[in-house]
Amino acid sequence: MKKAFFLSLTAALALLPQAGAQSAGDVLYKVDQMQKSARDLSFRLSGRLVLEGANQNMDVFVKTIPSKDVVRMEFRQPQSLSGDVIVSDRREVRQYWSMSNQITVTPLSRAGARSGLGLDFTQLGSAANLSSNYNVRLLSTSNAGGGRLFKLAATPKGNAQAGTAHVWVTDRGWRPTRIQMYQPGGQLAVDLNVSGFKTNAGITEAQLRALPRGARVVQQ
């Protein structure tokens, strides 16, 4: 369940990284322009994870190079995942599990089928591609922090039983502020806040892809 769940979470980051935006398409366009203007992005996700019926703290550092569609997630919490790393790109998802010193490799074409939430955002390299494979709606617009805050919802097209992702985006820099993910039955699985959002920190693709040498590789 843990491995399948985090396949969907890595891809939900495709939703992440103006006043007057009138639709989900308007917001996605602005986020996409922000992504294209940044060589690299990094931020922290922290909050609550509901896994197998239990509430746990979650703390993850995320780094990405949007133009390469490479995303790296480094886990600090929950304790059972501390030290684990997930790297997703256009072809596959590589997951390093520190307790077993093992790297599982899952082709991107199979990632969605293995997702415990029924979500497969791993196929999306940027916000611009989101509308072609997913139904995206603008749920609400509100004032917050001197700017506008947009709440989006996305579900895969042609899959009425899939889970849903909610992402809040602020027009102050067109960056994410919060992520929620729901299981197909509507149960909340993840509620995370976004902090420490940075652009152009000099992250290299080699740094994103680096995983411990000597780990056993398992193809899935």
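About the criteria used
- Residues numbered from 1 in each chain as written.
- Predicted model: local features only at pLDDT ≥ 70, side-chain atom pairs only at ≥ 80, totals over all residues.
- Heavy atoms only, no water.
- Helix = DSSP H or I, 4+ residues; strand = E, 2+ residues; numbered from the N terminus.
- Buried < 20%, exposed > 50% of the residue type's maximum accessible area, 1.4 Å probe, protein only.
- pLDDT = per-residue confidence, 0-100.
- Contact = heavy atoms within 4.5 Å.
- Pairing = 2+ DSSP bridges.
- Axes fitted to C-alpha atoms, helices over the stretch in contact; angles between N-to-C directions.
- Salt bridge = Lys/Arg side-chain N within 4 Å of Asp/Glu carboxyl O.
- Phe/Tyr/Trp six-rings, centres within 6.5 Å; stacked < 30°, edge-to-face > 60°.
- Lys NZ or Arg CZ within 6 Å of the ring centre and 35° of its normal.

### Some thoughts on the overall build of the protein
Counting secondary structure elements, the protein contains five helices and twelve strands. The buried share among the 220 residues of the protein stands at 50%.

### Observations regarding unusual backbone geometry
The omega angle of the peptide bond from Gln 77 to Pro 78 is 5°, so this bond is cis rather than trans. When you line up the elements, Pro 78 lands in the loop between strand S3 (70-77) and strand S4 (85-88). The backbone of Asp 69 shows a phi angle near 55°, a positive value even though the residue is not glycine. Overall, Asp 69 belongs to the buried group, its relative accessible area being 18%. Positive phi values are uncommon outside glycine, yet Asn 101 reaches one of about 50°. Along the chain, Asn 101 falls in the loop between strand S5 (92-97) and strand S6 (102-107).

### Considerations on the confidence of the model for the protein
With 79% of its residues at a pLDDT of 70 or more, the protein has an overall mean of 80. Of all secondary-structure elements in the protein, the lowest mean pLDDT belongs to helix H1 (residues 2-12), at 54, while helix H5 (residues 205-209) reaches the highest, 97. In the model, residues 113-125 has pLDDT below 50 throughout and makes 60 contacts with residues more than four positions away in sequence or in other chains.

### Thoughts on the environment of Phe 61
Structurally, the position occupied by Phe 61 is in strand S2 (residues 54-65). Distance in space between the C-alpha atoms of Phe 61 and Ser 42 is 7.5 Å, their sequence separation being 19 residues. Setting aside chain neighbours within four positions, we find Phe 61 in contact with Phe 43, Arg 44, Arg 72, Met 73, Glu 74 and Arg 76.

### Focus: the sheet that holds S6
Overall, mixed pairing links the twelve strands, which are arranged S7-S8-S9-S10-S11-S1-S2-S3-S4-S5-S6-S12 in an open sheet. Every interior strand has two partners, whereas the edge strands, strand S7 (134-144) and strand S12 (216-219), have only one. This sheet shows a mean twist of 20° between the axes of neighbouring strands, independent of strand direction.

### A word on the pattern of salt bridges
Two side chains that carry opposite charge are able to pair once their charged atoms sit near each other. Counting across every chain of the model gives eleven salt bridges. Where Arg 90 meets Asp 69, a salt bridge forms, and the shortest distance between an N and an O atom there is 2.7 Å. With Arg 90 in the loop between S4 and S5 and Asp 69 in the loop between S2 and S3, this pair connects stretches of sequence that are 21 residues apart. Among the salt bridges present, the one from Glu 92 reaches Arg 91, with a minimum N-O distance of 3.9 Å. One network of salt bridges, in which partners are shared, links Arg 72, Glu 74 and Arg 76.

### Remarks on the environment of Lys 68
Locating Lys 68 in the fold gives a position in the loop between S2 and S3. A residue is classified by how much of its surface remains accessible, and Lys 68, at 40% relative accessible area, is partly exposed. The spatial distance from the C-alpha of Lys 68 to the C-alpha of Asp 40 is 9.6 Å, given a sequence separation of 28 residues. Sequence-distant contacts of Lys 68, that is, excluding residues within four places in its chain, are made with Arg 90 and Glu 205.

### Digging into the packing of aromatic side chains
This structure, assessed with the given rule, holds two aromatic pairs. Seen from their ring centres, Phe 43 and Phe 197 are 5.7 Å apart, and the 10° between their planes marks the pair as stacked. Of this pair, Phe 43 sits in strand S1 (residues 41-51) while Phe 197 sits in strand S11 (residues 188-199); the two residues are 154 residues apart in sequence, bridging distant segments of the chain. Using a relative accessible area of 4% as the deciding quantity, one classes Phe 43 as buried. An angle of 15° between the planes, with centres 5.6 Å apart, marks the rings of Phe 150 and Trp 174 as stacked. With a gap of 24 residues between them, Phe 150 in strand S8 (residues 147-156) and Trp 174 in the loop between strand S9 (164-170) and strand S10 (175-182) connect regions that are remote in the sequence. Of the two residues, Phe 150 and Trp 174, neither departs from the other in class, the shared state being buried. Between the NZ or CZ atom of Arg 178 and the centre of the ring of Trp 168, over which it lies, the distance is 4.7 Å.

### What to know about the pairing of S11
Two strands pair when backbone bridges link them, and S1 and S11 are joined in this way by eight bridges, in the antiparallel orientation. For Ser 42, the partnering residue across the bridge sits in S11 and is Lys 198. As paired elements, S10 and S11 share five bridges and run antiparallel to each other. Counted as the bridge partner of Ile 179 is Leu 192 from S11.

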